[in-house]
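What follows is each chain in one-letter form.
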Amino acid sequence: MRLGVLDVGSNTVHLLVVDAHRGAHPWPAHSEKAVLRLAEQIGPDGALTTAGADSLVRAVASAKESAFGLGTDDLIAFATSAVRDATNSVAVLARVQAETGVRLEVLTGADEARMTFLAVRRWFGWSAGRLLVLDIGGGSLEIAAGIDEDPDAAVSLPLGAGRLTRRQLRVAAGSSTPPGAEQVERLRAYVDGQLDTVAGELNKVGWERPVATSKTFRTLARLAGAAPSGAGVWARRRLTRSGLRQVLGFIRHIPPAQLVELGGVSAGRAHQLLAGAVVAEAAMRRLDISTLEICPWALREGVILRRLDQLAPL
């Protein structure tokens, strides 16, 4: 069957259409993104602005038209931290459904961690043993660990690259000045403090194979020397802690406006890269990880796999 998954995230609204059936690899048939940066359109009162809600409605309507124009049998639509954390999320969700006919399911952070973990487990298989999975999004950091398809531990922390850029580093897209050393050190201390709350629990669960997913980790791995996207989805990619420290050491001195000149860095996320690198380095250090494998599957694939499981005949 042909499935569509619509991911309303902190940075983008991403439609992925795949051809899939239970037990088979979901093959992408179409992908399109709208860069909305919803997290940056949260007002001082914590509510998504009218302009932000307007852009969301337009993006969802356009994605729905594309999905069903491609013959999609089912459209799974969900929203993560930007909509989840907005104080007017109920009203925004109601408006989206009323004007587009699309019902957005708001995932909890723990649900994000579980579904991402499922995708990674299916990608690597049972031979991978006990997994640890890290995923840095725009609004949150998800971590999950376990031996089965449902992890033994699944946590979410407010350590998304976009959130920390906005609240801690206070750097705007296209900025010509990098954050100061004191800002970066305050951010590092804040991230360490947040990780303190979960490091003990995760270490008790334990793991044999640490894995990372998400655009942030893929970009950092690319800057550290991993294969470019053109090498294909099957190319093995890794990120070492020593390589990450080298990347962090030079990008902290480069203005966001110039980071886009580096291979693999997208213009829409360049200003968030430093915060993402600080989170990645802190997580690897606090969890004593020397090397992360990069998995091309993440939350969207996990949502698709879970839906396929639900549709399977008894």
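Residues numbered from 1 in each chain as written. Predicted model: local features only at pLDDT ≥ 70, side-chain atom pairs only at ≥ 80, totals over all residues. Heavy atoms only, no water.

In this model, helix H11 (residues 299-311) (13 residues) spans 18 Å end to end at C-alpha, consistent with the 18 Å of a helix rising 1.5 Å per residue. Those residues of H11 lying buried are Leu299, Glu301, Gly302, Val303, Ile304, Leu305 and Leu308. (Helix = DSSP H or I, 4+ residues; strand = E, 2+ residues; numbered from the N terminus. Expected span 1.5 Å × (residues − 1). Buried < 20%, exposed > 50% of the residue type's maximum accessible area, 1.4 Å probe, protein only.)

The next subject is the packing of helix H7 (residues 215-223) against helix H10 (residues 273-286). Contact pair H7 / H10: the axes reach a minimum separation of 10 Å and the direction vectors enclose 90°. In terms of axis orientation, H7 runs roughly perpendicular to H10. Residues Thr216, Phe217, Thr219, Leu220 and Leu223 of H7 lie in contact with H10, whose contacting residues are Leu273, Gly276, Ala277 and Ala280. A breakdown of the residues in the contact of H7 with H10 according to their chemical character gives six nonpolar, three polar and no charged. (Axes fitted to C-alpha atoms, helices over the stretch in contact; angles between N-to-C directions. Parallel < 35°, antiparallel > 145°, perpendicular 65-115°, else oblique. Contact = heavy atoms within 4.5 Å. Nonpolar A, V, L, I, M, F, W, Y, C, P; charged D, E, K, R; others polar.)

What follows covers the pairing of strand S1 (residues 2-8). Within S1, six of the seven residues are buried, leaving the element largely enclosed by the surrounding structure. In this structure, S1 lies alongside strand S2 (residues 12-19), joined through seven bridges in antiparallel fashion. The partner of valine 8 across the bridge, within S2, is valine 13. The turn joining S1 and S2, which pair antiparallel and follow one another in sequence, is formed by three residues. Direction of pairing for S1 relative to strand S4 (residues 74-79): parallel, over a ladder of six bridges. Counted as the bridge partner of glycine 4 is leucine 75 from S4. (Pairing = 2+ DSSP bridges.)

Our next topic: empty space enclosed by the protein. A water-sized probe, rolled over the atoms, reveals where empty space remains. In total, this model carries two cavities of 30 Å³ or more according to the counting rule given. Estimated volume of the largest cavity: approximately 100 Å³. As for the largest cavity, its lining consists of Ala161, Lys215, Thr216, Thr219, Val265, Ser266, Arg269, Ala270, Gln272 and Leu273. It is H7 that provides the largest number of residues to the lining of the largest cavity, a total of three residues. Within this model, the second largest cavity holds a volume of roughly 60 Å³. Looking at the second largest cavity, the residues that line it are Leu169, Val171, Pro178, Pro179, Ile251, Arg252, Ile254, Pro256, Leu259, Ala270, His271 and Leu274. Class assignment of the residues belonging to the lining of the second largest cavity gives a composition of 10 nonpolar, one polar and one charged. (1 Å grid on protein atoms, 1.4 Å probe; cavity = no way out; pocket = protein on both sides within 12 Å on 5 of 7 lines; lining within 4 Å. Points joined across faces, edges and corners; volume = space filled by probe spheres on them.)

On to the side chain of aspartate 192, then. Examined against the element boundaries, aspartate 192 turns out to sit in helix H6 (residues 181-205). In this view, aspartate 192 contacts Ala282, Arg285 and Arg286; residues no more than four positions away in its chain are not counted.

On to the side chain of glutamate 112, then. Tracing the sequence through the fold places glutamate 112 in helix H4 (residues 109-124). By relative accessible area, which is 7% here, glutamate 112 ends up buried. Those residues within four positions of glutamate 112 in sequence are excluded, and the remaining contacts are Thr80, Ser81, Arg84, Leu107, Ser140, Glu142 and Leu299.

Moving on: the layout of surface pockets. Considering only enclosed or pocket space, the largest pocket measures out at about 1200 Å³ in volume. Breaking the lining of the largest pocket down by element, the ones donating at least two residues are S2, strand S3 (27-35), H4, strand S6 (131-136), H7 and H11. Tallying contributions element by element places H7 first for the lining of the largest pocket, with five residues. Its residues assigned to classes, the lining of the largest pocket shows 18 nonpolar, 20 polar and 12 charged.

Here the focus is the environment of leucine 15. For leucine 15, the location among the structural elements is in strand S2. Residue classification places leucine 15 among the buried residues on the basis of a relative accessible area of 1%. Each C-alpha atom of the pair leucine 15 and arginine 286 lies 34 Å from the other, and the pair is 271 residues apart in sequence. Residue contacts for leucine 15: discarding those within four places in its chain leaves Val5, Leu6, His30, Ser31, Glu32, Ala63, Ser66, Ala67 and Leu75.

Taken in spatial order, the five strands line up as S3-S2-S1-S4-S5 in an open sheet, and their pairing is mixed. Strands with a single pairing partner mark the edges of an open sheet, and in this sheet they are S3 and strand S5 (105-106). On the sheet, helix H1 (residues 50-69) packs against S1, S2, S3 and S4 and is oriented at approximately 10° with respect to S2.

Attention now goes to H6. Residue pairs spaced three or four apart in an α-helix point in one direction, given the helix's 3.6 residues per turn. End to end, H6 covers 35 Å across 25 residues, agreeing with the expected 36 Å (1.5 Å per residue, within 8%). The sharpest bend along H6 comes to roughly 40°, located at valine 198. Within H6, the full set of buried residues consists of Val184, Leu187, Arg188, Val191, Asp192, Leu195, Val198, Ala199, Leu202 and Val205. As for H6, its buried residues are in contact with strand S7 (141-146), strand S8 (153-157), helix H5 (161-169), helix H8 (241-251) and H10. One or two positions beyond H6, positive phi appears at glycine 206, with a value near 75°. (Bend = angle between axes of the 7 residues up to and from the residue.)

The next subject is a nonpolar patch on the surface. Nonpolar side chains collect at one region of the surface, where Trp27, Val233 and Trp234 lie side by side and expose about 370 Å² of accessible area between them. By the secondary structure assignment, valine 233 is in the loop between H7 and strand S10 (238-240). (Patch = residues over 30% accessible without salt bridge, like charges linked within 9 Å, V, L, I, M, F, W, Y side chains within 5 Å. Areas by Shrake-Rupley, 256 points an atom, 1.4 Å probe, with all protein chains shown as cover. Salt bridge = Lys/Arg side-chain N within 4 Å of Asp/Glu carboxyl O.)

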